[in-house]
Amino acid sequence: MIRKRFSPRRGTLPYLLLLPALVLELLIHLVPMVVGIVMSFKQLTQFFLRDWTAAPWAGLANYRMAVDFHAPVGRALLHSFWVTCAFTVLAVGLSWLLGTVAAIMMQDTFRGRGLLRALFLLPYALPVYAAVITWSFMFQRDTGLINHLLHDQLHLVDDKPFWLLGDNSFTALVTVSVWRSWPFAFLTLTAGLQNIPRELYEASALDGAGVWQQIRRITLPSLRPVNLVLVLVLFLWTFNDFNTPYILFGRSAPEAADLVSVHIYQSSFVTWNFGAGSAMSVLLLLFLLLVTSGYLLLTSRRRDAR
């Protein structure tokens, strides 16, 4: 008896090829997300680590505690939220600005351009732990390179400041984040500049347009589709950033640099209130979904209006 060999139809073959990736996506992302949502409705503390499903049901108590801005937990979360917003605006704005300037400067061909591009991409290529731990050494008060340069060499400050404590910690956090993020903006915008025809610049030069007029009338409008995606990606990466503040400050970040990601970690793994930490994580997810949806809706309407 001759057995027929299984041959999938042409319409089902792409889905079969995507099936392993979909299964891994389900296991890695969706399942932990669902478990985290369930945990946010439980009074999950260190006493139920052996069997978290046995934790008593809390309903919306964790969410009410997180959004009660008159209570200590809610006030701390709100403060962390505003710090994260300010940090995100500065880090994303400066990263985009530096990436745009560098991409435009590297657009013309000159000797050493390839080497400069490679040097610009080094912060993005370095492992996050190695990069941030190096900055933490540089920000040390007595032995760090930053204070040695500002105080001992340039004499710009009267006394050596503490960069990893107090209000200066916010400046240090923004500096490290921009240093790590702007090469990605530079790489993305460099790729976008390759799609702009050189004939547009040559024609505008013949009409008497200067460099700034070319950037304003040709470069920036042509990069608009790239910038729409770039700003959204940088926003999501920066607002969710946990590695940078955790490596820079440790388990307890200063109040001036208390980002939401670190705050949720402290609520979950320092105070052992996993239910409250899960509720804060869900609220953060809802906020990011809301902002992303509004951003995409606004940009699509502007594109349709044109």
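Summarised in this report is the structure supplied together with it. (Residues numbered from 1 in each chain as written. Predicted model: local features only at pLDDT ≥ 70, side-chain atom pairs only at ≥ 80, totals over all residues. Heavy atoms only, no water.)

**Some words on the environment of Ile104**
- For Ile104, the location among the structural elements is in helix H3 (residues 72–105).
- Between the alpha carbons of Ile104 and Leu189 there is a distance of 8.5 Å; along the sequence they are 85 residues apart.
- With near-sequence residues (within four places) excluded, Ile104 lies in contact with Leu193, Ile215 and Thr219. (Helix = DSSP H or I, 4+ residues; strand = E, 2+ residues; numbered from the N terminus. Contact = heavy atoms within 4.5 Å.)

**Description of helix H1 (residues 13–39)**
- For H1, with 27 residues, the first-to-last C-alpha span of 38 Å sits near the 39 Å given by 1.5 Å per residue.
- In H1, a bend of some 40 degrees at Leu19 exceeds every other bend along the element, and Pro20, a proline, comes one to four places later. (Expected span 1.5 Å × (residues − 1). Bend = angle between axes of the 7 residues up to and from the residue.)

**A closer look at the layout of surface pockets**
- The calculated volume of the largest pocket comes to roughly 530 Å³.
- Residue lining of the largest pocket: 19 residues in total, with Ile264, Ser281, Val282, Leu284 and Leu285 positioned closest to the centre.
- Contributions of two or more residues to the lining of the largest pocket are made by H1, helix H13 (260–270) and helix H14 (274–305).
- Here the lining of the largest pocket is built from residues that sort into twelve nonpolar, seven polar and no charged.
- Here the second largest pocket is characterised by a volume of approximately 250 Å³.
- Around the second largest pocket, the lining comprises 16 residues; the ones closest to its centre are Arg180, Ser181, Trp237, Thr238 and Asp241.
- Those elements giving two or more residues to the lining of the second largest pocket turn out to be helix H5 (122–125), helix H8 (168–193) and helix H11 (224–239).
- It is H8 that contributes the most residues to the lining of the second largest pocket, four residues altogether. (1 Å grid on protein atoms, 1.4 Å probe; cavity = no way out; pocket = protein on both sides within 12 Å on 5 of 7 lines; lining within 4 Å. Points joined across faces, edges and corners; volume = space filled by probe spheres on them. Nonpolar A, V, L, I, M, F, W, Y, C, P; charged D, E, K, R; others polar.)

**Observations concerning the packing of helix H9 (residues 198–206) against helix H10 (residues 211–222)**
- Here H9 crosses H10 at 145 degrees, and the two axes come no closer than 11 Å. Between H9 and H10 lies a crossing whose hand is right-handed. Here Leu200, Tyr201, Ser204 and Ala205 of H9 lie close against H10, whose contacting residues are Gln214, Ile218 and Thr219.
- Of the residues in the contact of H9 with H10, the class split is four nonpolar, three polar and no charged. (Axes fitted to C-alpha atoms, helices over the stretch in contact; angles between N-to-C directions. Left-handed = near helix turned anticlockwise from the far one by under 90°.)

**Some words on the packing of H3 against H8**
- Packing of H3 against H8 leaves a shortest axis separation of 6 Å and a crossing angle of 40 degrees. Judged on the interaxial angle alone, H8 and H3 are oblique. Relative to H8, the crossing made by H3 is right-handed. (Parallel < 35°, antiparallel > 145°, perpendicular 65-115°, else oblique.)

**Quick look at the pattern of salt bridges**
- Across all of its chains, the model carries four salt bridges by this definition.
- With a shortest N-O distance of 3.4 Å, Asp159 and Arg141 are connected by a salt bridge. Within this pair, whereas Asp159 is found in the loop between helix H7 (145–153) and H8, its partner Arg141 is found in the loop between helix H6 (128–138) and H7, the two being separated by 18 residues in sequence.
- The salt bridge partner of Lys160 is Asp152, with a shortest N-O separation of 3.8 Å.
- One salt-bridge network, held together by shared partners, links Arg141, Asp142 and Asp159. (Salt bridge = Lys/Arg side-chain N within 4 Å of Asp/Glu carboxyl O.)

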